[in-house]
Amino acid sequence: MTTENQSKQDVKERTPYVPPQIGLALGSGLARGFAHIGAIKALTRHGIKPTIVAGTSIGALVGGCYLAGKLDEFEDWALSLSRRKVFSYLDFRVRAASLIGGAKLISELESHFDGMIIEDLPHPFVAIASDLVTGHEVWLRKGDFINAMRASFALPGVFPPVEINHRKLVDGALVNPVPVSPCSALGARLTIAIDLNADLIGKAAKPGQGYQTVIGFDIFNDKDVAPEDQKLFGGSIAKRLFRREADNPSLFGVMVSALTIIQDRVTRSRLAGDPPDVHIKPRIGHIGLMEFEKAKEMIAEGEAAVERSLPKIKAAIDVLLPKATQPQSL
């Protein structure tokens, strides 16, 4: 063997085999993001284990929990949520950049991820955020894990912006609701997208109601909200924010509805230019964007959506992944 050939052989022996990467793009959608839990469970049950994860808003939170090995704990927390418990997390404030401070949610995250950095994760992770000043799409790939997730789900007007590297960042849903592009950029050979925005417009309205009850209920105006739950809000500021006139949505409802429209339109545009290899669409448009207490239903639909998409997933795997690396359970 010549010296040149020997050198090439030595390099080949020292370089470990890296199998083709499977990317997972987890879209935004507030409470509907619990469907991501079921989708990931179904994928892993069939031997499909993503090694690149990009998430926007709630997608970043679920994706981060998955890579951190905390998905089961996150699922348990989601299933424990009642409407009353959800209300208890809402710490309203005045003269601030947001309606909700988020201190209680931050405390919950710190109990699981305090001190963790993105580099600690076993596979590449990207949380998508938006620069509040420039409008740029920001990919958070390094640094504080909690801050990255917080920035990605900082819904404008609801949660405060998060400052990272001298940039004020808000919800990534404004620029890239279903982040396929980061998966492609990081080398994914096959990208699966879970799109929570494909079944939204016009679905969450009550019978006879001409607008979406986007939070699933109207606080202080809904017979389904028990008096003891209404008392959780206590102060008049919350009552003014959530009370609505007859046949009109509340202030909070208008804000979230506006984001829904943005997500729907931006998602269509982004996916038209950069489509995933497999596009999974859970049927959850009938669920209000703040109905966190319906986690069980959403997790089940996330699993069902993957099961319905198995033929497409298998076809994509057959074309894009070498035989030796394909899941045996499909």
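Note: the structure precedes this text.
Let me sum up the structure you'll find in this document. All values derive from a computational prediction rather than experimental measurement. (Residues numbered from 1 in each chain as written. Predicted model: local features only at pLDDT ≥ 70, side-chain atom pairs only at ≥ 80, totals over all residues. Heavy atoms only, no water.)

### Topic: the overall build of the chain
On a plain count of helices and strands, the chain comes out with 12 helices and 8 strands. Per-residue burial for the chain yields a buried fraction of 53% across its 330 residues. (Helix = DSSP H or I, 4+ residues; strand = E, 2+ residues; numbered from the N terminus. Buried < 20%, exposed > 50% of the residue type's maximum accessible area, 1.4 Å probe, protein only.)

### With respect to the pairing of strand S1 (residues 21-26)
Of all 6 residues in S1, 6 are buried, a share of seventy percent or more. Every second residue of S1 is oriented toward a common face, with Gln21, Gly23 and Ala25 on one face and Ile22, Leu24 and Leu26 on the other, all of them buried. Alignment of S1 against strand S7 (residues 188-194), held across 6 bridges, turns out to be parallel. Looking at the pairing, alanine 25 lines up with alanine 193 of S7. Here S1 pairs with strand S2 (residues 52-56) via 4 bridges, running parallel. Bridging across to S2, glycine 23 finds its partner in isoleucine 52. (Pairing = 2+ DSSP bridges.)

### Looking at the nonpolar core
Nonpolar side chains in soluble globular proteins tend to end up buried together. Ranked by size, the top nonpolar core spans 79 residues in total, and within it Phe34, Phe125, Leu140, Ile192 and Ile313 carry the most contacts. For this core, the leading source of residues is helix H12 (residues 295-320), giving 9 residues. Those residues in contact with isoleucine 313 that sit more than four places away from it in its chain are Leu43, Ile48, Val278, Ile280 and Val306. Of all hydrophobic cores here, the second largest spans 12 residues; its members include Ile52, Ala54, Cys183 and Ala188. (Core = buried A, V, L, I, M, F, W, Y, C linked by side-chain atoms within 4.5 Å. Contact = heavy atoms within 4.5 Å.)

### Quick notes on the environment of leucine 67
For leucine 67, the position within the fold is in helix H3 (residues 58-67). Separated by 15 residues in the primary sequence, leucine 67 and isoleucine 52 have C-alpha atoms spaced 9.3 Å apart. Apart from the residues lying within four places of it in its own chain, the contact partners of leucine 67 are Val53, Leu121, Pro122, His123, Pro124 and Phe125.

### Here we look at the packing of helix H2 (residues 34-45) against H3
With their axes 10 Å apart at the nearest point, H2 and H3 run at an angle of 40 degrees to one another. Two packed elements cross with a definite hand, and for H2 against H3 that hand is right-handed. Residues His36, Ile37, Ile40 and Thr44 of H2 form the contact with H3, whose own contacting residues are Gly59, Val62 and Tyr66. Taken together, the residues of the contact of H2 with H3 break down into 4 nonpolar, 3 polar and no charged. (Axes fitted to C-alpha atoms, helices over the stretch in contact; angles between N-to-C directions. Left-handed = near helix turned anticlockwise from the far one by under 90°. Nonpolar A, V, L, I, M, F, W, Y, C, P; charged D, E, K, R; others polar.)

### Some remarks on the side chain of aspartate 131
Within the element layout of this structure, aspartate 131 appears in strand S3 (residues 125-131). A distance of 2.8 Å separates a polar side-chain atom of aspartate 131 from the backbone nitrogen of valine 133. One polar contact links aspartate 131 to arginine 167, side chain to side chain, over a distance of 2.7 Å. Not counting residues up to four positions away in its chain, the partners in contact with aspartate 131 are His136, Val138, Arg167, Lys168 and Leu169. (Polar contact = N/O pair within 3.5 Å; in protein donor to acceptor, adjacent residues only side chain to side chain.)

On their own, these measurements won't tell you what the molecule is for.
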